[in-house]
Amino acid sequence: MKQKVGVPNTIKKINEALIREKFMKKEPLSCAIIVAETGISITTVRTIVNEMLNRGELISLGLGDTSIGRPSEFFIINDDCYQGISICICDGYFYVLTMNIHARIIEFTKVTYNPKVTCNSNITNSQNIIYNTGENLEYQLTEIIESRFDEKTRAIGIGVPGVVSDNGFIQNIREKNDERVDFVTALQEKFSVPIILENDLNASALGFAKAAGTDKDNSTLAFINFIGPCKYFAAGFAGQGEIIRGMGNYAGELGLMPYDARHDFSEVLFDSDEAKRSEILARLLSWVCCTINPKQVVLCADADFKINSRKINKLLAHHLPGKMIPKLLVSNDYEQFYMEGMALLTCTQFY
């Protein structure tokens with residue numbers, strides 16, 4: 001079949017992806033070997049290899065012995081070439097993570113020329129920084145990023161406590177005058193790398209799925225968080241390692257659901273004793289189970305916010321068939337899952 005001809009920039013990207021795929025196998029390669037395995041011209045291979053070497057993607061191993069001809073220079077992938085920065089915005093502080101990113105191509109389709117990459121990261125530094133609510137958020141984020149940004153930085157992930165918008169996030173959505181916080185365009189122009197923006201609970205759902213080893217599972221996970229200074233709760237949903245979104249990114253605002261003619265679920269839940277709380281949560285979860293049928297539900301709360309999972313399970317059994325009742329887990333590790341989720345999003349979307 002005749003191959004379609006692409007524009008020069010597209011052809012270069014295709015060739016670069018093919019060459020990177022070879023190096024991702026972690027074997028030392030020379031330009032001559034790459035030419036033999038890919039069919040790309042020696043001039044193009046040398047140009048791309050030199051560019052990758054200058055960017056720090058490759059490490060030269062020096063000249064190697066060959067059976068014929070003169071010795072060739074061999075190269076190998078630099079595992080610690082890429083760096084990502086993740087910032088988790090919380091109430092009163094930022095969690096800041098710096099990580100080395102490792103990538104490996106697991107599939108390369110010559111129909112779409114779209115490499116599928118599996119990525120992971122190891123965190124090299126983490127720090128808590130006070131979040132001054134009186135200062136401009138864009139300025140605070142710029143300061144944090146500038147102190148960590150270098151030529152290896154390929155992506156910046158920012159977790160936000162609100163609904164993600166095109167240029168930032170929306171907070172105080174319970175109020176008629178919700179507040180928009182914009183900063184993405186300014187950061188993008190300043191640092192010229194991808195900015196990955198995600199809601200905190202969506203990131204937490206991914207982080208929990210990764211920690212539990214269910215991130216490639218076909219099932220759905222609901223992560224519901226009750227931790228925070230305001231009497232409001234919300235959720236993030238994930239399945240197969242992907243976030244489940246709604247129109248306008250508003251999926252998960254469970255606290256806004258009407259409980260009765262006058263109150264929403266947040267209003268009645270936080271003013272109830274433990275026994276009544278179990279009834280309210282069972283009612284809420286029965287609706288969630290009838291909507292997306294999650295395999296697992298994580299209820300994340302502080303120690304003083306008592307959640308009786310056994311009682312909730314018994315109450316759910318009165319409302320739902322047994323096959324629809326999820327596994328309930330109670331945790332207080334919201335921050336840990338939030339950080340793990342944002343680190344995962346940052347490293348997997350930089351490529």
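Just above sits the structure.
Source: prediction; values computed, not measured.

Undergrad: Could you give an account of the pattern of salt bridges, naming the residues involved and the relevant values?
TA: Opposite charge on two side chains permits them to pair, given that their charged atoms come into close proximity. Enumeration over the complete set of coordinates arrives at 6 salt bridges. The closest approach of N and O atoms between R245 and E198, which form a salt bridge, is 2.7 Å. Taken as a pair, R245 in the loop between strand 14 (242-243) and helix 7 (265-269) and E198 in strand 11 (residues 195-199) lie far apart in primary sequence, 47 residues in all. The exposure class of E198 is buried, given its relative accessible area of 3%.

Undergrad: Tell me about the packing of aromatic side chains, and name the residues and values.
TA: Under the definition given, this model contains 13 aromatic pairs. Their ring planes at 45° and their centres at 4.8 Å tell us that F94 and Y131 sit as a pair that is tilted. You can see F94 sitting in strand 5 (residues 93-109) and its partner Y131 sitting in the loop between strand 6 (114-130) and helix 4 (137-146), a full 37 residues away along the chain. With respect to class, F94 is no different from Y131; both count as buried. Measuring from centroid to centroid gives 5.1 Å for F226 and F233, while their planes differ by 40°, and the two rings are tilted. In terms of burial, F226 and F233 fall into one category: buried. Taking NZ or CZ as reference, K190 lies 5.9 Å from the ring centre of F191, over its face. For the cation-ring pair, R277 lies above F305, with the distance from its terminal atom to the ring centre recorded as 4.1 Å.

Undergrad: Before we move on, can you summarise the sheet that holds strand 10 (residues 179-182) with the specific residues and values?
TA: Here we have 3 strands laid out as an open sheet, ordered 8-9-10, and antiparallel in their pairing. Across the chains shown, the open sheet's two edge strands, defined by having one partner strand only, are strand 8 (163-164) and strand 10. Pairing geometry for strand 8 and strand 9 (residues 168-171), over 2 bridges, is antiparallel. Looking across to strand 9, one finds that V163 is bridged to I170.

Undergrad: Now, about unusual backbone geometry: what can you tell me, with residues and values included?
TA: Its identity as a non-glycine residue notwithstanding, S192 has a phi of 55°, on the positive side. Checked against the element boundaries, S192 lands in the loop between helix 5 (184-191) and strand 11. Residue N249 is not a glycine yet carries a positive backbone phi of 65°.

Undergrad: Hey, could you go over the side chain of S266 for me, with residue numbers and the actual values?
TA: Along the polypeptide, S266 turns up in helix 7. Relative accessible area serves as the criterion here: at 1%, S266 is assigned to the buried category.

Undergrad: Which residues make up the sheet that holds strand 16 (residues 327-331), and what values go with them?
TA: Hydrogen bonding along the main chain pairs the strands of a sheet, whether they run parallel or antiparallel. Judged by pairing direction, the sheet is mixed, and its 5 strands sit side by side in the order 14-13-12-15-16 without closing on themselves. Two strands in the sheet have a free side with no partner beyond their single neighbour: strand 14 and strand 16. In this structure, strand 12 (residues 220-225) lies alongside strand 15 (residues 296-300), joined through 5 bridges in parallel fashion. Bridge pairing in strand 15 links F223 to V298. This element, helix 9 (residues 309-319), spans strand 15 and strand 16 of the sheet and lies at about 155° to strand 16.

Undergrad: So, the packing of helix 4 against helix 5: which residues are in play, and what are the values?
TA: With their axes 10 Å apart at the nearest point, helix 4 and helix 5 run at an angle of 30° to one another. The angle between helix 4 and helix 5 falls in the class roughly parallel. Considering the relative orientation of helix 4 and helix 5, their crossing is right-handed. When helix 4 is examined against helix 5, the residues E138, L141, T142, I145 and E146 are found in contact with a partner set consisting of A186, L187, K190 and F191. A breakdown of the residues in the contact of helix 4 with helix 5 according to their chemical character gives 5 nonpolar, 1 polar and 3 charged.

Undergrad: Summarise the side chain of T153; cite the residues concerned and give the values.
TA: Within the secondary structure, T153 is located in strand 7 (residues 153-160). By relative accessible area, T153 is classed as buried at 3%. Within polar-contact distance, the side chain of T153 engages the side chain of Q83 at 2.9 Å. Setting aside residues no more than four positions away along its own chain, T153 makes contact with Q83, I85, R148 and V193.

Undergrad: Tell me about the nonpolar core, residues and numbers included.
TA: Residues F223, Y338 and L345 are the most contacted members of the largest nonpolar core, which totals 31 residues. Going through the elements one at a time, strand 4 (82-89), strand 5, helix 6 (200-212), strand 12, strand 13 (234-239), strand 15 and helix 10 (334-348) are the ones with two or more residues in this core. With 8 residues, the top contributor of residues to this core is helix 10. Core analysis: the next-biggest nonpolar cluster, separate from the first, contains 29 residues, F226, L254, V268 and L299 among them.

Scoring rules and cut-offs
Residues numbered from 1 in each chain as written. Predicted model: local features only at pLDDT ≥ 70, side-chain atom pairs only at ≥ 80, totals over all residues. Heavy atoms only, no water. Salt bridge = Lys/Arg side-chain N within 4 Å of Asp/Glu carboxyl O. Helix = DSSP H or I, 4+ residues; strand = E, 2+ residues; numbered from the N terminus. Buried < 20%, exposed > 50% of the residue type's maximum accessible area, 1.4 Å probe, protein only. Phe/Tyr/Trp six-rings, centres within 6.5 Å; stacked < 30°, edge-to-face > 60°. Lys NZ or Arg CZ within 6 Å of the ring centre and 35° of its normal. Pairing = 2+ DSSP bridges. Contact = heavy atoms within 4.5 Å. Axes fitted to C-alpha atoms, helices over the stretch in contact; angles between N-to-C directions. Parallel < 35°, antiparallel > 145°, perpendicular 65-115°, else oblique. Left-handed = near helix turned anticlockwise from the far one by under 90°. Nonpolar A, V, L, I, M, F, W, Y, C, P; charged D, E, K, R; others polar. Polar contact = N/O pair within 3.5 Å; in protein donor to acceptor, adjacent residues only side chain to side chain. Core = buried A, V, L, I, M, F, W, Y, C linked by side-chain atoms within 4.5 Å.

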